[in-house]
Each structure stands twice: as structure tokens, then as C-alpha cells.
Amino acid sequence: MKSVADRMAESLAKGPIHFTLIDPDKTRGKSAGELAREAERLGSFAILMGGSTGITPEIMTEAARSVHQESSLPVIIFPQGPESITGEADALLFMSLLNSRSVAHVIRMQARASGYIKKLGLEPIPVGYLIVAPGMKVGEVGEADCIERSDLAGATGYALAAQYLGMKLLYAEAGSGAPSPVPPPMIRELKSNLSIPLLVGGGIRTAADVASVLDAGADAIVTGTIVEKDGKAALGPIVGEVRRRRGG
Ligand code: 1GP
């Protein structure tokens with residue numbers, strides 16, 4: 001069985017990809033599976049699973065199991081702490097929150113969890129995680145010094161540092177539910193400097209948002225809130241815009 005990272009690289013070689021974020025505290029058990037089935041039908045690449053509050057290993061396990069029962073999409077943990085970790089997932093974004101004030105989010109929590117991740121046999125995908133203003137809940141919880149939306153050089157500095165440290169992906173995040181996505185000029189600047197894939201999330205709600213983020217150079221996008229708010233049907237135009245750029 002190919003690693004999730006290899007499958008992702010193969011898919012990225014054909015065009016941009018979409019991740020469906022499921023917060024299993026809000027979309028529990030069976031509903032998570034139903035959403036994954038629809039995400040797969042539409043052409044989403046994988047399920048990212050995580051949330052900022054109310055997460056327990058039991059809730060994660062139940063939702064991941066349901067996704068596996070209903071779809072063949074990989075489940076990738078998007079961790080907020082050790083309570084997000086379940087052996088039912090296929091992989092985990094092994095992230096350092098680059099612009100956190102707290103060393104716990106930069107490396108200490110990761111150090112505490114790494115032995116357990118190894119024991120479970122979860123595939124770690126090394127990710128530099130950068131929080132751009134407004135940052136929303138994750139900016140608060142992660143004690144981030146959010147990158148100002150006009151600070152292109154600041155964002156690029158962190159992103160290149162992540163690449164030079166060997167991280168395989170840069171995730172630029174405006175925060176779940178952000179009023180608007182990471183600004184296109186910042187995405188353009190990041191993309192022109194990086195040779196690792198650029199994942200963009202937070203505040204992407206419409207096909208027009210997807211178009212502007214992808215036109216600016218994002219390789220992958222994440223959406224979460226839109227489905228919680230408007231239901232599964234909202235996923236169609238979003239994933240459709242990504243697929244259009246993959247040639248259908
Ligand atoms: C959260 O960026 C993701 O980490 C998704 O954001 O919920 O705004 O789609 P939304």
C-alpha cells in the first residue's frame with residue numbers, strides 16, 4: 001500500500017487537490033462517513049480530521065472508522081493536541097506551528113506525542129503551519145503571532161525556513177471561519193519562493209474563492225465550515241472548481 005504522502009504527490013502532479021475538513025465534535029460518527037462518501041464522489045483527495053475544541057480520541061476514532069466504512073478516502077489527522085490522535089487514521093499532519101509564541105506548539109507537544117505516533121504506526125507528514133491574520137480560534141489556541149495580511153516578506157521567511165528544515169508541505173491558514181481567505185498576493189509570493197507544495201485554508205466558501213486562491217498559486221485547499229453551515233451540497237461547486245483545473 002502506497003503511503004498517503006506518495007499518493008498526495010502523485011495527485012498533485014496532475015493538478016490542485018481538495019481536502020475535506022471534518023471536525024468530529026460537530027460532525028459525529030455516522031455523519032462523518034456520509035460526508036466522506038459525498039466528498040469522494042465529488043473528487044476530494046482526503047479527509048482531514050480535527051477540531052479546536054471538544055476533541056477526544058474516542059470521538060476521533062468513531063468518526064475515522066465511519067469514514068473508512070463509507071469511503072476509500074484516506075483519513076489524515078489535523079492535530080490540535082495529543083487528544084486528536086487515533087490509530088484508526090491513516091496519517092497525521094506532523095505540524096510545527098511556526099509562528100506560535102509558545103514552544104509547546106512549535107515542538108514540545110510533538111516531542112511528547114512522537115513515540116505514541118510511532119507505536120500506532122501512523123504515517124507522519126511533516127508540515128510547516130503558518131497562521132495568517134485573523135487566525136480565528138486556532139490563532140488563539142495556538143498562541144500565534146498572526147502574520148499580518150500585508151506582511152509578504154514575514155510569511156515568506158517562515159515558509160522558506162520550513163522548507164529548509166525539511167518540511168514537506170507549507171500550510172498557510174487564515175483560521176477556520178475567517179471572513180476571507182489568505183490574500184492572493186501572499187499566496188503568490190509564497191508560491192514563487194517555495195519548492196514544496198502550498199496548502200491554503202480558512203475562509204474559503206465559494207467557487208470564486210477557490211478560483212482566486214488557486215489562480216494565485218495554491219497547490220491544495222482545505223474547506224470545513226461551509227459544509228457545517230450549508231450542508232453537503234455546498235461541497236459541489238468548491239470541489240468542482242478544483243477538479244476543473246485537473247481536467248475534469
Ligand atoms: C481550518 O483552514 C481550515 O483549519 C478550514 O477553514 O472552516 O473556514 O473552511 P474553514
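Whatever comes next refers back to the structure up there.
Described below are features of the structure shown in this document.

The rules behind these values
- Residues numbered from 1 in each chain as written.
- Predicted model: local features only at pLDDT ≥ 70, side-chain atom pairs only at ≥ 80, totals over all residues.
- Heavy atoms only, no water.
- Near = heavy atom within 4 Å.
- Polar contact = N/O pair within 3.5 Å; in protein donor to acceptor, adjacent residues only side chain to side chain.
- Areas by Shrake-Rupley, 256 points an atom, 1.4 Å probe, with all protein chains shown as cover.
- Helix = DSSP H or I, 4+ residues; strand = E, 2+ residues; numbered from the N terminus.
- Buried < 20%, exposed > 50% of the residue type's maximum accessible area, 1.4 Å probe, protein only.
- Pairing = 2+ DSSP bridges.
- Axes fitted to C-alpha atoms, helices over the stretch in contact; angles between N-to-C directions.
- Contact = heavy atoms within 4.5 Å.
- Salt bridge = Lys/Arg side-chain N within 4 Å of Asp/Glu carboxyl O.

## Here we look at the site of the ligand
Close to the ligand lie 13 residues, the nearest being Glu173, Ser176, Gly177, Gly202 and Thr225. In the model, an oxygen atom of the ligand is placed 2.7 Å from a nitrogen or oxygen of the Gly177 main chain. Within the backbone of Gly202, a nitrogen or oxygen atom sits 2.8 Å from an oxygen atom of the ligand. Protein coverage of the free-state accessible area of the ligand, which is 300 Å², stands at 97%. At the level of secondary structure, the elements contributing two or more residues to the shell around the ligand comprise strand S6 (169–173) and strand S8 (220–223).

## Overview of unusual backbone geometry
Along the chain, Ala133 connects to Pro134 via a cis peptide bond; the corresponding omega equals 10°. Structurally, Pro134 can be placed in the loop between strand S5 (123–131) and helix H5 (136–141). The phi dihedral of Met136 falls on the positive side, at around 55°, and the residue is not glycine. As for its placement among the helices and strands, Met136 is situated in helix H5. You can call Met136 partly exposed: its relative accessible area is 30%. Of note, the phi angle at Glu143 is positive, near 50°, even though the residue is not glycine. Inspection of the secondary structure assignment puts Glu143 in the loop between H5 and helix H6 (152–164). Given a relative accessible area of 34%, Glu143 falls into the partly exposed group.

## Points about the sheet that holds strand S3 (residues 75–77)
Strand order in the closed barrel formed by eight strands is S1-S2-S3-S4-S5-S6-S7-S8, with parallel pairing between adjacent strands. The mean angle between the axes of side-by-side strands here comes to 30°, regardless of whether they run parallel or antiparallel. On the sheet, helix H3 (residues 57–70) packs against strand S1 (17–22), strand S2 (46–49) and S3 and is oriented at approximately 175° with respect to S2. Docked against the sheet, helix H10 (residues 235–244) engages S1 and S8, running at close to 150° with respect to S1.

## Considering the pattern of salt bridges
Applying the stated criterion to the full structure yields 14 salt bridges. In this structure, Arg101 engages Asp145 in a salt bridge whose closest nitrogen and oxygen atoms are separated by 2.8 Å. One end of the pair, Arg101, is in the loop between strand S4 (91–97) and helix H4 (103–120); the other, Asp145, is in the loop between H5 and H6, and 44 residues separate them in sequence. You can call Arg101 exposed: its relative accessible area is 54%. Lys191 serves as the salt-bridge partner of Asp219, at 3.0 Å between the closest nitrogen and oxygen. Highlighted residues: Asp219 in the loop between helix H8 (207–216) and S8 and Lys191 in helix H7 (residues 184–193), separated in sequence by 28 residues. Counted as one network, the salt bridges with shared partners bring together Asp215, Glu241, Arg244 and Arg245.

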